[in-house]
Amino acid sequence: MLKRLFVPALFVAAVMLAVSPLLVARAPLETTMGLVQKIFYYHVPSAMVMFLAAFVCGIASAVYLFGRRPGADRVAVAAAEVVVLFGIIVLVTGPLWARKAWGVWWQWDARLTSTLVLWMIFNAYLLLRKYGGPGSDRLAAGVALFGMANVPFVYWSVNVWRTLHPKTSVVMTLDPAMRPAFWWCVTAFVCLFLAVLAARVRLEEERTRLEELYLQLDD
Amino acid sequence: MAAPGTLRRFLATAWLITRKDITVEWRSREIIYTTVFFAASCILVFAFGFVKDGRPIDDVASAILWIAIAFSGTLALGRTFERERYNETLQALMLAPADRPAIYAGKLAGILLLMLAVEAVLVPLVALLFQAPLFRQPVLLVALLGSGTLGYAAVGTLFAAMLVRARSRDVLLPVLLYPITIPVIIAGVRGTAAAMAPDGGEMARAWVSMLVFFDVVFLTLSLWTFEAVMTE
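Residues numbered from 1 in each chain as written. Chains lettered and ligands numbered in written order. Predicted model: local features only at pLDDT ≥ 70, side-chain atom pairs only at ≥ 80, totals over all residues. Heavy atoms only, no water.

**Student:** Pulling in residues and values, what's your account of the confidence of the model for chain B?
**Tutor:** The predicted coordinates ought not to be read in detail in places where the model reports low pLDDT. Residues with a pLDDT of 70 or more make up 98% of chain B, whose mean pLDDT is 89. In the model of chain B, strand S1 (residues 51–52) of chain B stands out as the element of lowest mean pLDDT, 80, in contrast to helix H6 (residues 138–162) of chain B, which has the highest, 94. (pLDDT = per-residue confidence, 0-100. Helix = DSSP H or I, 4+ residues; strand = E, 2+ residues; numbered from the N terminus.)

**Student:** Tell me about the pattern of salt bridges, and please be specific about residues and values.
**Tutor:** Residues and elements named next belong to chain B. Within this structure, the stated rule accounts for 16 salt bridges over all chains. Residues Glu 30 and Arg 79 are paired through a salt bridge, measuring 3.1 Å at the closest nitrogen-oxygen approach. Of the two residues, Glu 30 is situated in helix H2 (residues 30–50) and Arg 79 in helix H3 (residues 60–86); the sequence distance between them amounts to 49 residues. By relative accessible area, which is 37% here, Arg 79 ends up partly exposed. Where Glu 30 meets Arg 83, a salt bridge forms, and the shortest distance between an N and an O atom there is 3.9 Å. (Salt bridge = Lys/Arg side-chain N within 4 Å of Asp/Glu carboxyl O. Buried < 20%, exposed > 50% of the residue type's maximum accessible area, 1.4 Å probe, protein only.)

**Student:** Break down the interface of chain A and chain B for me, citing the residues and quoting the values.
**Tutor:** Counting residues at the interface gives 31 residues for chain A and 32 residues for chain B. Across the interface of chain A and chain B, roughly 2,800 Å² is buried in total on both sides, 81% from carbon and sulfur atoms. The largest share of the area that chain A buries against chain B comes from A:Leu139, A:Phe146 and A:Phe153, three residues that together contribute 24% of it. At the surface where chain A touches chain B, the tally comes to zero salt bridges. Across the contact surface, chain A and chain B share four residue pairs in polar contact (both at pLDDT 80 or more). Taken together, the elements giving at least two residues each to the side of chain A that touches chain B come down to helix H2 (40–67), helix H4 (110–131) and helix H5 (136–163) of chain A. Counting residues per element, the side of chain A that touches chain B draws most heavily on H5(A), which supplies 16 residues. Across the side of chain A that touches chain B, the residue classes tally to 22 nonpolar, seven polar and two charged. (Contact = heavy atoms within 4.5 Å. Buried area = accessible area lost by both parts, 1.4 Å probe. Polar contact = N/O pair within 3.5 Å; in protein donor to acceptor, adjacent residues only side chain to side chain. Nonpolar A, V, L, I, M, F, W, Y, C, P; charged D, E, K, R; others polar.)

Right, here's the structure in full:
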């Protein structure tokens, strides 16, 4: 199913992303933050894709761990790489905005901290897969499952920790005039996610097949 | 759910494994001695960073205490399972006709006892060296330490056990463990800081209940995944 999605998803993502600067430029300027708010149109969709990919990785890992389907593991590793990739986008665009809006690059706010922790967990997942040696795919599946289940608790605990020391932060409510550009970008990023995921899963499938062929050659 | 006989067998198996770990440790006392000294060394290093003009900065004692617990906990976990790996006894345990969750529970209880023993030295040491009123609410402190350590050890035992066969396990254990146990560390540090404050009793109790909740979630998840992850 993913394989057939690749070409249309890539096409739609490419066209929509190419058009998106126009829509973003035409959306109204935010009154207090002005131009820096524009980064929001790429920052938030990236964050959405990051959490979506984390969810996909967790579900696929559970299916692999308890259903023992190798295909699920390939989806899990592809999704984990997408988490890390889009996490980088989120963690770079966020501070760029924060420097202008809050005056600092980083705040230990609930959302920021939980995003960072989630990103770290999936980095650990990939490190385990890369350096853990044989059998680490099953172990990594356990980590992904834990990592996904952990996200709400990290958010919750950081939230309680932060509310102990309340501080004013910029609360954003979306102007209706900004909505078309925003949802356009979200759709574009989700299509990009599907295309990247499909390509990565296919790469993993080819790699598995190559390994099997090598094994047959040895026999 | 399970019949009373199953539960009794579960507890008996778990206790056998815990007793085995205690006996092995008692003979050499290797892990407990090295871990206590490692924790004390951590505290020493922190003192240079967090003491200004001869006085520790605010709330730093609870942070130092929990970081020392987390660091020494990683060490104890790694050493305990390294011992199993070295003698190839974990494989034997897995081959034994015992429930996997019971094996997990037994190992967890052993680690928990070890970490609590280290904390028994660590807490008075931190209180003494950083003039921290850690014993202002002793019951709350014990509750915080007990529930926090249980949550940390529950995840740690699972990860350390599954990393036994992995390469570069020494570095992978903290890399996996610290981000996932963040909720426990936050609740432990903030709860202990609240318990030291003159009017923080209410807040500290809230953190304890949060820790108990984390314990339930982490234990359930670990018991659930242990069998699947440990099966070849």
